[in-house]
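Here is how the chains run, residue by residue.
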Amino acid sequence: MTIYFGDGSGTQQYAGPATGGQGWSKYSIGSNRSNNTWYQNTTGRPIQLAIGLLNNGAKLYVGPSTGSYTTINDSGGDPGEAANCPIVPTNWYYRCQTGGSGDCAREWAEFR
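Regarding unusual backbone geometry
No. 1: Phi is positive for Asn36, which is not a glycine, with a value near 60°.
No. 2: Note on placement: Asn36 falls in the loop between strand E3 (26-27) and strand E4 (39-40).
No. 3: Positive phi, close to 70°, is recorded for Asn91, a residue that is not glycine.
No. 4: For Asn91, the position within the fold is in the loop between strand E8 (87-88) and strand E9 (93-97).
No. 5: Among the residues examined, Asn91 registers a relative accessible area of 43% and is labelled partly exposed.

Details of the sheet that holds E4
No. 1: If you walk across this open sheet you meet the 4 strands as E4-E9-E6-E7, and the pairing is antiparallel. In the strand order of this sheet, the two ends are held by E4 and strand E7 (68-74), each with one partner.
No. 2: Where E4 and E9 come together, 2 bridges link them in antiparallel fashion. The residue bridging Gln40 from the neighbouring strand is Tyr93, located in E9.

Side note on the state of the cysteines
No. 1: Enumeration over the complete set of coordinates arrives at 1 disulfide.
No. 2: Paired by a disulfide, Cys96 and Cys104 hold their sulfur atoms 1.7 Å apart. Taking the torsion about the sulfur-sulfur bond, which here is approximately -90°, the covalent link between Cys96 and Cys104 counts as left-handed.
No. 3: Accessibility expressed as a relative area gives 0% for Cys96, which makes it buried.

Side note on the pattern of salt bridges
Between side chains of opposite charge, pairing is possible as soon as their charged atoms come close.
No. 1: Applying the stated rule across the entire model yields 3 salt bridges.
No. 2: Among the salt bridges present, the one from Arg33 reaches Glu110, with a minimum N-O distance of 2.9 Å. Of this pair, Arg33 sits in the loop between E3 and E4 while Glu110 sits in strand E10 (residues 105-111), placing them 77 residues apart in sequence. Exposure class is identical for Arg33 and Glu110. Each is buried.

Side note on the packing of aromatic side chains
No. 1: Counted by the stated rule, this structure contains 5 aromatic pairs.
No. 2: Between Tyr39 and Tyr94 the ring centres are 6.1 Å apart and the planes differ by 35°, which places this aromatic pair in the tilted class. Linking Tyr39 in strand E4 with Tyr94 in strand E9, this pair joins segments that are 55 residues apart in sequence.
No. 3: Using a relative accessible area of 15% as the deciding quantity, one classes Tyr39 as buried.
No. 4: Judged by relative accessible area, which is 0%, Tyr94 ranks as buried.
No. 5: Through a chain of ring-to-ring contacts, three or more aromatic side chains come together here, namely Trp38, Tyr61 and Tyr69.
No. 6: The ring of Tyr39 is capped by Arg33, whose NZ or CZ atom sits 4.3 Å from the centre of that ring.

What counts and what doesn't
- Residues numbered from 1 in each chain as written.
- Predicted model: local features only at pLDDT ≥ 70, side-chain atom pairs only at ≥ 80, totals over all residues.
- Heavy atoms only, no water.
- Helix = DSSP H or I, 4+ residues; strand = E, 2+ residues; numbered from the N terminus.
- Buried < 20%, exposed > 50% of the residue type's maximum accessible area, 1.4 Å probe, protein only.
- Pairing = 2+ DSSP bridges.
- Disulfide = S-S within 2.5 Å.
- Salt bridge = Lys/Arg side-chain N within 4 Å of Asp/Glu carboxyl O.
- Phe/Tyr/Trp six-rings, centres within 6.5 Å; stacked < 30°, edge-to-face > 60°.
- Lys NZ or Arg CZ within 6 Å of the ring centre and 35° of its normal.

Functional significance is not addressed by these values, which are geometric in nature.
Set out below in structure tokens:
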């Protein structure tokens, strides 16, 4: 399978799920993620985020570097608590930036 990004100029090959099952499982985040911190997907394959933004002005970013990224969601007056589920390609970065009250994610899960 080939995954296309943005205008289609960037692609990444995906070899499929790991042997022995569907390949993806929920990764327990717990306190392993902090607001306003860039994380890099170093799993060797794409991952999917599932983040419920908590606060007005909270933002979710994904990109090939910390200086080149796309805003996935920028919550407004009603926090974007649903459907913030981008796929993060191998070696790309992701970040949840706080909003007005200093909060970002109500829930944060990663499927790897």
